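Fold and geometry: a report
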Amino acid sequence: MAADDVDRIVSAWRRERPDLDVTPLEVLSRVSRLARRLDLARGRAFAGTGLESWEFDVLSALRRTGSPHELSPGQLVAETLVTSGTMTNRVDRLAARGFVERHPDPGDRRGVLVRLTAEGVRVVDAALTRLLADERELLAELAPSERDDLAGLLRRLLRPFESGTA
């Protein structure tokens, strides 16, 4: 298999610091570089629909819930891993753009539910379609069985950090 930039970096570290085990770099530096490529692909995909990454995160959390596509602000916080203050600001901004609406929570007189509008559904669906096309390109070098294997290995690495609620 042909060497890549990470191979060169690892080789240099092994030469300069033979006293250290630098093998984690072989995996995690590649994951980091792929994450950067994914961020760039997401930026391109979302720019085509006029969304920021954080907007997609909130809208997609709502879209995945199924009709009527609504969650409490607390549930959105748990889904997107931001603070409640940040979520309030995000919901305000998404509401101003016509992508979400707030409705009283019938199960809690003091609570509200954030609901995706028809325009919110349209824009998040368009962004997801573009994103998946870009992500397929990122994975094009792998056979379907290799993608399955990689997904399983990454799942195993992430499991200790996941809440299990998503």
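Residues numbered from 1 in each chain as written. Predicted model: local features only at pLDDT ≥ 70, side-chain atom pairs only at ≥ 80, totals over all residues. Heavy atoms only, no water.

Focus on the overall build of the chain
Note the cut-off: Helix numbering and strand numbering both begin at the N terminus, where a helix is a DSSP run of H or I of at least 4 residues and a strand a DSSP run of E of at least 2. Atoms counted for the radius of gyration: C-alpha only. Globule rule: 2.2 Å times the number of residues to the power 0.38. Buried means the residue's accessible area, taken with a 1.4 Å probe over protein chains only, is under 20% of the maximum for its type, while exposed means over 50%, and partly exposed covers the values in between. Every residue pair with non-hydrogen atoms within 4.5 Å of one another is taken to be in contact. The protein chains shown are the only cover counted for residues, whose accessible areas, like all others here, come from Shrake-Rupley with a 1.4 Å probe. Charge assignment in this entry is limited to Lys and Arg as positive and Asp and Glu as negative, and neither His nor the chain termini are counted. Charged groups are reduced to one reference atom each: NZ for lysine, CZ for arginine, CG for aspartic acid, CD for glutamic acid.
Each helix and strand counted, the chain has 7 helices and 3 strands in total. Shown N-terminal to C-terminal, the secondary structure of the chain runs as helices and strands in the order α-α-α-β-α-α-β-β-α-α. At 20 Å, the chain has a C-alpha radius of gyration far larger than the 15 Å of a compact globule built from 166 residues. With the C-alpha coordinates aligned to their principal axes, the bounding extent of the chain is approximately 65 × 30 × 30 Å. Taken over 166 residues, the chain has a buried fraction of 27%. Within the chain, contacts between residues separated by at least 24 positions form 49% of all contacts whose residues are at least 6 apart in sequence. When the accessible surface of the chain is split by element, carbon and sulfur atoms take 55% of a total near 11400 Å². Of the charged side chains in the chain, 26 are positive and 27 negative; the average position of the first set lies 2 Å away from that of the second.

Describing the nonpolar core
Note the cut-off: By convention a nonpolar core is built from buried Ala, Val, Leu, Ile, Met, Phe, Trp, Tyr and Cys residues, the set being connected through side-chain atoms within 4.5 Å.
One finds L51, L59, L62, L76 and V100 to be the most contacted residues of the largest nonpolar core, which totals 25 residues. Contributing elements (two or more residues each) for this core: α2 (23–47), α3 (53–63), α4 (73–80), α5 (84–96), β3 (108–116) and α6 (118–138). Counting residues per element, this core draws most heavily on α3, which supplies 6 residues. Those residues in contact with L51 that lie beyond four places of it in its chain are F46, F56, L59, R97, F99, V123 and A127.

Things to note about the pairing of strand β2 (residues 100–105)
How we decide: Here, any two strands with at least 2 DSSP bridges between them count as paired.
In terms of strand pairing, β2 meets β3 through 6 bridges, oriented antiparallel. When the sheet's bridge partners are listed, R102 is paired in β3 with V114. The antiparallel pairing of β2 with β3 creates a hairpin that spans 2 residues between the two strands.

Here's the deal with α6
Operational definition: To estimate how far a helix should extend, the number of its residues minus one is multiplied by 1.5 Å. Each C-beta atom gives one direction from the helix axis, and the arc is the one those directions make.
Here α6 contains 21 residues, and its C-alpha end-to-end distance of 30 Å stays within 8% of the 30 Å for a straight helix at 1.5 Å per residue. Residues of α6 that are buried: G120, V121, V123, V124, A127, L131, D134 and E135. The buried residues of α6 occupy an angular sector of 165° when the element is viewed end-on, so they sit on one face. Relative to its buried face, α6 has exposed residues pointing more than 90 degrees away, namely A118, T129, R136 and E137. Buried residues belonging to α6 abut α2, α3 and β3.

Observations concerning the UniProt feature "domain: HTH marR-type" (unreviewed entry) in the chain
Operational definition: UniProt positions are given in the numbering used here, feature names are shortened, and annotations may be inferred rather than shown by experiment.
Summarizing the sequence annotation, UniProt attributes the feature "domain: HTH marR-type" (unreviewed entry) to residues 24–159 in the numbering used throughout. Here residues 24–159 is 68% helix and 12% strand, with 18 Å between the C-alpha atoms at its ends.

Describing the environment of R102
Our working definition: Counted as a polar contact is a pair of N or O atoms within 3.5 Å, where, for protein atoms, one must be capable of donating a hydrogen and the other of accepting one, and residues adjacent in sequence contribute only when both atoms are in side chains.
Relative to the helices and strands, R102 resides in strand β2. Sequence-wise, R102 and E70 are 32 residues apart; in three dimensions their C-alpha atoms are separated by 9.1 Å. The residues touching R102, leaving out its near neighbours within four places in the chain, are T88, V91, D92 and L113. Only 2.5 Å separates the side chain of R102 from the side chain of D92, close enough to count as a polar contact.

Observations concerning a nonpolar patch on the surface
The line we're drawing: Nonpolar side chains (Val, Leu, Ile, Met, Phe, Trp, Tyr) are joined into patches within 5 Å and like charges within 9 Å, using only residues with over 30% relative accessible area and no salt bridge. Here, a salt bridge means any Lys or Arg side-chain nitrogen found within 4 Å of an Asp or Glu carboxyl oxygen.
Taken together, the side chains of V27, L28, V31, L150, L154 and L157 define a hydrophobic patch exposed on the protein surface, amounting to about 490 Å² of accessible area. Of note, V27 is situated in helix α2. V27 sits in the partly exposed class, given a relative accessible area of 46%.

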